[in-house]
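# Structural overview for review
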Amino acid sequence: ANCYEKLVSSGIPFICLERTFRGAEIDSVVSDNVEGIYKGTKHLIKSGHKNIILLLENRRHTTVGDKLQGYRRALAEYGVPFREDFVINIDLTSDLSYVMIKKVIEQMQPTAFFAGGNTLTLKLLKTIKDMGLEIPRDISVVGYGDDKWFEAVNPPLTTLTQDTQSMAELAVERIISKIENGVNDTPQNTLVPVDLTIRASTQNIARGPFG
């Protein structure tokens, strides 16, 4: 983070968009991933799912920690035990990522997956298809991102969607404010809500109090 420390001390106006730094007084505009993943996980739990795999990028981004926090919060609220082995960190650059997802499906037999990013969602869908499984009959899926093809796949995908338009507008407003006000402008961390769009890729298997 040395390069960012130099940037901060230089006085050059800048803003972090979508990712930021823990413990640093830096302007940022980020998606509310904690609340978003919480809402998506809650939807799966209320649909009767307990064996929910969370797929995350194998990187140390603040967004990864936020997504895990939202997932754990939903499980705790509904009394579903948290399992460390249900949180799968995927290296997106590795050809073994498909093999890893396949192994998770075969060994852990989850009823639902929550993919924490665009590329993770695509890899998950391809793996499920290649295994000859059907969504949501065999596995329910919640995806993440704003790709237009999510609603065009069969079945249309339940997704968390980032409001990239609002994020861009807020980022521009903040950078203009910083340019105009200079050192007198107090750093702000702006959280932009994430929308949960429920489509046909999740099924209700509930037989208990959440159904």
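Residues numbered from 1 in each chain as written. Predicted model: local features only at pLDDT ≥ 70, side-chain atom pairs only at ≥ 80, totals over all residues. Heavy atoms only, no water.

## What about helix H2 (residues 33-46)?
The end-to-end C-alpha distance of H2, which contains 14 residues, comes to 20 Å, matching closely the 20 Å that a straight helix rising 1.5 Å per residue would cover. Among the 14 residues of H2, ten are classified as buried, and the element is accordingly described as predominantly covered. Residues of H2 that are buried include every one of Asn33, Val34, Gly36, Ile37, Tyr38, Gly40, Thr41, His43, Leu44 and Ile45, and no others. The first or second residue beyond H2 is Gly48, which carries a positive phi of 100°. (Helix = DSSP H or I, 4+ residues; strand = E, 2+ residues; numbered from the N terminus. Expected span 1.5 Å × (residues − 1). Buried < 20%, exposed > 50% of the residue type's maximum accessible area, 1.4 Å probe, protein only.)

## Details of the side chain of Lys178
Note on placement: Lys178 falls in helix H6 (residues 164-181). The contact partners of Lys178, leaving out residues within four places of it in the chain, are Pro13, Phe14, Asp27 and Asp185. (Contact = heavy atoms within 4.5 Å.)

## As for the nonpolar core
Formed by 39 residues in total, the largest nonpolar core has its most connected members in Leu55, Tyr71, Phe113, Leu124 and Val141. Where this core is concerned, the elements lending two or more residues are H2, strand S3 (52-57), helix H3 (62-77), strand S4 (87-90), helix H4 (97-108), strand S5 (112-115), helix H5 (118-130) and strand S6 (140-144). Per-element accounting of this core gives the leading share, five residues, to S3. (Core = buried A, V, L, I, M, F, W, Y, C linked by side-chain atoms within 4.5 Å.)

## Considerations on unusual backbone geometry
Here Ile135 and Pro136 are connected by a cis peptide whose omega angle stands at 0°. Residue placement: Pro136 occurs in the loop between H5 and S6. Even without being glycine, Gln109 reaches a positive phi, approximately 45°. Assignment of secondary structure puts Gln109 in the loop between H4 and S5.

## What to know about the sheet that holds strand S7 (residues 158-162)
An order of S4-S3-S5-S6-S7-S9 is seen for the six strands of this open sheet, with the pairing classed as mixed. Each of the sheet's edge strands pairs with one partner strand only, and the pair in question is S4 and strand S9 (194-197). Strand-to-strand twist of the sheet, defined as the mean angle between neighbouring strand axes without regard to direction, takes the value 15°. Relative to S7, S6 runs parallel, the two sharing three bridges. Each bridged residue has a counterpart across the sheet, and for Gly143 the counterpart in S7 is Thr159. (Pairing = 2+ DSSP bridges. Axes fitted to C-alpha atoms, helices over the stretch in contact; angles between N-to-C directions.)

## Some words on the sheet that holds strand S8 (residues 189-192)
Reading across from one edge, S1-S2-S8 is the order of the three strands in this open sheet, with parallel pairing throughout. Two strands close off the open sheet at either side, each with one partner strand: strand S1 (16-17) and S8. Here strand S2 (residues 28-31) pairs with S8 via four bridges, running parallel. Of the residues in S8, the one forming a bridge with Ser28 is Asn189. Each of S1, S2 and S8 touches H6; the most contacted strand, S2, lies at about 170° to it.

As far as function goes, none of this settles anything; it's purely spatial.
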